[in-house]
Amino acid sequence: MSAKAVREVDGKSILARHLPTALGERSSCLSQCRCVAVKSDTDLSALSRSAGESWLANTELVAKPDQLIKRRGKLGLIKVKASLDEADGWIRERMGKQVTVGETTGTLNTFIVEPFVAHSQDEEVYVCIHSTRSCDTILFHHEGGVDIGDVDAKAKKLDVPVGTTPSRESLEQLTAAAPSSIHGLLVDFIVALYKVYVDLYFTYLEINPLVIHDGLVYILDLAAKLDATAEYLCKATWGDVAYPPPFGRDAYPEEAYIADMDAKSGASLKLTVLNPQGRVWTMVAGGGASVIYSDTICDLGFCDQLANYGEYSGAPSESQTFEYAKTILSLMTKEKDDRGKVLIIGGGIANFTNVAATFKGIVRALQQYQQALLEHKVKIFIRRGGPNYQEGLRVISECGGKLGLDMYVFGPETHMTSIVSMALDKIPIPRGPSPEGGNDDAFAGNAGVASAWSSPGLQRASSIASEPGTSEASSASATDSTAASAELAASTAPSPTSLFTAKTRAVVWGMQIRAVQGMLDFDFSCSRSQPSVAAMVYPFTGNHRQKFYWGAKEVFIPVYGKMAEAMEKHPDIDTMISFASLRSAYESTMEVLEFPQIRSVSIIAEGIPENLTRKMIVAASKKNVAIIGPATVGGIKPGCFKIGNTGGMLDNILNSKLYRPGSVAYVSRSGGMSNELNNIISRNTDGVFEGVAIGGDRYPGTTFLYHLLRFHDEPGVQLIVMLGEVGGVEEYEVIEAMKDGRITKPLVSWCIGTCGSFFSSEVQFGHAGSSANSTKETAAAKNKALREAGAHVPSSFEDLGITIQKTFEHLKVDGKIPVRPTVTPQRVPMDYTWAQELGLIRKPASFMSSISDERGQELSYGGMPISHVFKEDLGVGGVLSLLWFQRRLPEYALKYIEMCLMITADHGPAVSGAHNTIVTARAGKDLISSVTSGLLTIGDRFGGALDDSAKLFSEAYDSNQLPMEFVNSMRRQHKLIPGIGHRVKSLNNPDQRVVILRDFALANFPATPLMSYALEVEKITTAKKPNLILNVDGVIATSFVDLLRNCGAFSRQESNEYISSGVLNGFFVLGRTMGFIGHYLDQKRLKQGLYRHPWDDISYINPRDLDRH
């Protein structure tokens, strides 16, 4: 979610800090902001005696709940003109008590206390600013306060287009009804308020009333929302801001734990506890799918039993999925229900998430909670598809059997939400092979369905490749093939509104190797004449060529450091696919919009601040460029082009017939659900013509209507499908287009999020835009309006496929569906790594090593974890302090030197130095030659980050650069920060070596200013990507500078000289030498023979191939 409500006390504090600067010379007109938050453990009397809060004891006070409750005055939830004791007593009477607001009942637990401002009614005005897709709207009414009534009907409005500021004249007209005595000051205040609103990334700001009394401006009641995705830009200006849950829903520690995991992960992890006593629990993959499962549960009458809402998506790791699943199972098994409970582990067909990896995490959680699940009589229903789903379903099915769980497992052949009806006893559970002849339709543990497991997905993919289009061929036999071919050719010819064709060429921003290879595999299977990816851009590496496969042939795609160079050398590029991070997506998009050859941009990243997204939309509109995203997987045009990971793995491309065009086009917000739509449409029609996921953010780059009008003008599209959702009003634009005749082709539509009408408190669903701010924005209202406008609207998502099928069959009867000739996709060889993942092949190790192992959770030497090594007091620190520094250092410094040497002694046989030592030893050379060959690899790329890390961090700290300024400076220079980043370790899988060194330094050093500075840099970099942690090089470099500067044994000049002389690299050389010697002795002990590198692990390149590509 991007727009998040904040407490009144936080909103007022932010304005109090920044409005004076915005007002400039008129800042003296602002009243002093004085307010305090009161919770159950707050002692108001003691607080009044603290510095700066003495006003509490000598001022008349106002007390009110600060829990996002609207119309507190009308509800009698405000105490005015109270003394300190009266305010305290009034709060204590209500603290912890339940109150009902509308249909919502909640517990009062947080209050705000501030001075009472005596004023007259005619001094109250109403001011509100809120954001929409194209503008910010300022609302004003000269009569504010509790009796303002219908603001939308009363208030005057001023729309301020994105990227502009309101003129003073327009604001004077907006506020013309205000008393003349305050008019000038009021306009000045709104000018400043709007500036703060924009600069600090507010999305909503309401002041009611705003009082101007005796020349001072008072903000009495405030409601505000911030764009939480802008935290990386505004953390310092916002301060510490909390986002409370909606009134009526308690905050659970488990929710906070998952939110913290989400913040530290590149994946998406969400959890909202709705009813901890509920019987029906969900663990759903995908933002759109999670809403649909909740809809189905509520549609079947079990809303009061729905315990939670949440999602896991974006390829979480096995450990992250384990923690997520464990959290849900712990909540589920806290209270028993004699009727038993239901756990639905569902999801659509994934685009890029490795289903087997995530399911292995769930299996670990099921194993840990086996006894509790049995005691609570939990039935588990599972449905999933996507990359490696066969292995995932097999693993979890076997787990259910071994644990004796009542478990039922289904693949993508089963409709996504059918498991809900089965789980809630609305339809019977199938107990045999699927009607399609597969045997993966249901799998069970000992207590469930006894079905065998195979890999039908792979079998089906093979059968499609060898015997394609049987149904298509049979239908073609009933019609003249020549006429059918002519009709098809006419229908699939690109229209002027086509964004993508079989000749579309893309530039990919970011080193997304897997996604690009997937695009090339799709291109090859579709028989494109050339790859759709012309070039890649990645500013953090120099120009080079990246190897990919075109079928079985190696091809090389150029990678450029600058977009301009890619555009100049590849004038046929007309689209960009951006895998840039949320921090870089805005800049890279604005840059590419400057090139007139670009017709469309796809932005994959989610979490881009809304103000930046809106600026991109405005800029793209001026250039007539279509933006797909942000927060999207992209789109696909069968037979022509696919964006990134859209459509999933090749087996799904083949199963859903995405290698050739059909007659149905769809548009969806959800990227995950786009693949499910591919599946549904391919099963119920002749296939997909084009599909686009516009993205889940509040302001997608292009709207439903934009794409539906494109599809409407495509001759090859006969049926249009739209999957809308709760929140926003874009679907009403489609309704108007149907009414005025711009859309006349049949439209099948369903808006997800119907469950929102059943909840008494606000629930933010998976997508940032999935939140209704009015009845009109609810899914139920949209579905009703679409049905009335003539769209084909099913009764539920479960019936969507049936509705599509019926509408399509009517079109066939009317002769509007062309007969499509059989298309045979080209065979694409399976990647070696993916075949290994599926367990289809095995590869012998190149050599053996028994002294160290860098894999797993913790580095080990000879089988002993690194943390245990430090329990053995092996001291060489004293020797080094004498030999290197000519003085004895404090005991903690000696211990720290020893720790550095032990940690740098070795990092496994795979790194370049150890590899050289092993190869030389196996060639029969002596110890010195072998170790020297390893030492000679030490340099800038291997082990040289220590000195650079110390130098750059020291320069930044000594020059008083803020951590954010340092990070931004390095990014502008397109330089990586030495000492930051790890290939394997991350915030969620910390490097124990870093933890040990950091904690020792913090506990024993006199001061650690530079290391603390580096840790602040780490907070910034890990917000972008969780593996951009402070690594071993970084922690040794910065902490050792702190040691030299603060231990008392060196002057500042001496400290700087030791660092510049390379002493840090000396630690690395000495430590690693011990490991190199160990590798030499190990190879001699194992009697390993001469090593020869396998030829099949080498790419033999003909220079002419490079020139050709």
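For the structure given in this document, a descriptive report is provided here. (Residues numbered from 1 in each chain as written. Predicted model: local features only at pLDDT ≥ 70, side-chain atom pairs only at ≥ 80, totals over all residues. Heavy atoms only, no water.)

### Some words on unusual backbone geometry
Selection criterion: Helix numbering and strand numbering both begin at the N terminus, where a helix is a DSSP run of H or I of at least 4 residues and a strand a DSSP run of E of at least 2. Exposure categories follow from relative accessible area, calculated using a 1.4 Å probe and restricted to protein chains: below 20% of the type maximum is buried, above 50% is exposed, and the middle band is partly exposed.
Residue P209 is bonded to the preceding N208 through a cis peptide linkage, with omega at 5°. Residue placement: P209 occurs in strand β11 (residues 202–213). Look at L68: it is not a glycine, yet its phi comes out positive at around 65°. Examined against the element boundaries, L68 turns out to sit in the loop between β3 (61–65) and β4 (79–82). Residue L68 is classed as partly exposed on the basis of its relative accessible area, which comes to 30%. Unlike most non-glycine residues, Y201 shows phi in positive territory, near 60°. Along the polypeptide, Y201 turns up in the loop between α7 (180–199) and β11.

### Looking at the pattern of salt bridges
The criterion, for reference: Whenever Lys or Arg places a side-chain nitrogen within 4 Å of a carboxyl oxygen from Asp or Glu, that contact is recorded as a salt bridge.
Under the defined criterion, the tally for this structure stands at 43 salt bridges. Between E554 and K547 there is a salt bridge, with its nearest N and O atoms 3.5 Å apart. Ionic pairing is found between K623 and E594, a salt bridge with its closest N-O pair at 3.9 Å. In this pair, K623 is assigned in helix α22 (residues 610–623) and E594 in the loop between α21 (585–592) and β26 (600–603), connecting sequence segments 29 residues apart. The exposure class assigned to K623 is partly exposed, which follows from its relative accessible area of 42%. Taken together, the salt bridges that share partners define one network made up of E8, K12, K64, R72, E114 and D221.

### Considering the nonpolar core
Buried together is how nonpolar side chains tend to be arranged in soluble globular proteins. Put simply, the rule is: Buried Ala, Val, Leu, Ile, Met, Phe, Trp, Tyr and Cys residues that are joined via side-chain atoms within 4.5 Å together make up what is termed a nonpolar core. Whether two residues are in contact is decided by their heavy atoms, any of which lying within 4.5 Å being enough.
Of all hydrophobic cores here, the largest spans 102 residues; its most connected members are I344 and F797. Beyond its immediate chain neighbours, meaning those up to four positions away, I344 contacts V280, W281, T282, M283, V284, Y293, I297, F381, I419, V420 and A423. Counting residues in hydrophobic clusters, the runner-up holds 72 residues, among them I219, A230, C234 and L593.

### Comments concerning the environment of P1026
Locating P1026 in the fold gives a position in the loop between α38 (1009–1024) and α39 (1032–1046). As a C-alpha pair, P1026 and G981 span 45 residues in sequence and 8.9 Å in three-dimensional space. Beyond its immediate sequence surroundings of up to four residues, P1026 is in contact with K264, S265, G266, S986 and L987.

### So, a nonpolar patch on the surface
For clarity, the threshold we go by: Only residues whose relative accessible area exceeds 30% and that take part in no salt bridge are eligible for patches, with like-charged residues grouped when within 9 Å of each other and nonpolar side chains (Val, Leu, Ile, Met, Phe, Trp, Tyr) grouped when within 5 Å. Every accessible area reported is derived by Shrake-Rupley at a probe size of 1.4 Å, with residue values counting cover from the shown protein chains alone.
A cluster of nonpolar residues, M830, Y832, L840 and I841, forms a patch on the protein surface that exposes about 370 Å² of accessible area. Within the secondary structure, L840 sits in the loop between α29 (832–837) and β34 (852–853).

### What about the sheet that holds strand β2 (residues 36–38)?
Applicable threshold: Note on pairing: DSSP must find at least two bridges between two strands before they are called paired. Fitted lines through C-alpha atoms serve as axes, helices being fitted only where they are in contact, and the angles separating the N-to-C directions of these axes extend from 0 to 180 degrees.
What the 4 strands build is an open sheet, ordered β2-β7-β3-β4; its pairing is antiparallel. With partners counted over all chains shown, the strands left at the sheet margins are β2 and β4, one partner each. Within this sheet the neighbouring strands show an average axis-to-axis angle of 25°, counted without direction. Alignment of β3 against strand β7 (residues 111–115), held across 5 bridges, turns out to be antiparallel. In the sheet register, A63 faces β7, and the bridge partner there is V113. Contacts between helix α1 (residues 8–23) and the sheet are confined to β2, β3 and β7, with β7 contributing the most and set at about 45° to the helix. The sheet strands contacting helix α4 (residues 84–94) are β2, β3, β4 and β7, and the helix crosses β3 at an angle near 10°.

### A short note on the sheet that holds strand β24 (residues 553–560)
Sheet architecture is open: 7 strands sit in the order β23-β24-β22-β21-β25-β26-β27, paired in mixed fashion. Looking at strand neighbours, the two that pair on one side only are β23 (544–550) and β27 (626–628), the edges of this open sheet. Neighbour-to-neighbour, the strand axes of the sheet open up by a mean angle of 25°, direction not taken into account. Pairing analysis gives 4 bridges linking strand β25 (residues 575–578) to β26, with the strands arranged parallel. Residue pairing for β26: M576 is matched across the bridge by V601.

### Regarding the pairing of strand β18 (residues 378–383)
In terms of burial, β18 is a largely internal element, 5 of the 6 residues being buried. Examined bridge by bridge, strand β17 (residues 341–347) and β18 share 5 bridges and lie parallel to one another. Each bridged residue has a counterpart across the sheet, and for K341 the counterpart in β18 is V378. As paired strands, β18 and strand β19 (residues 406–410) are joined by 5 bridges and run parallel to one another.

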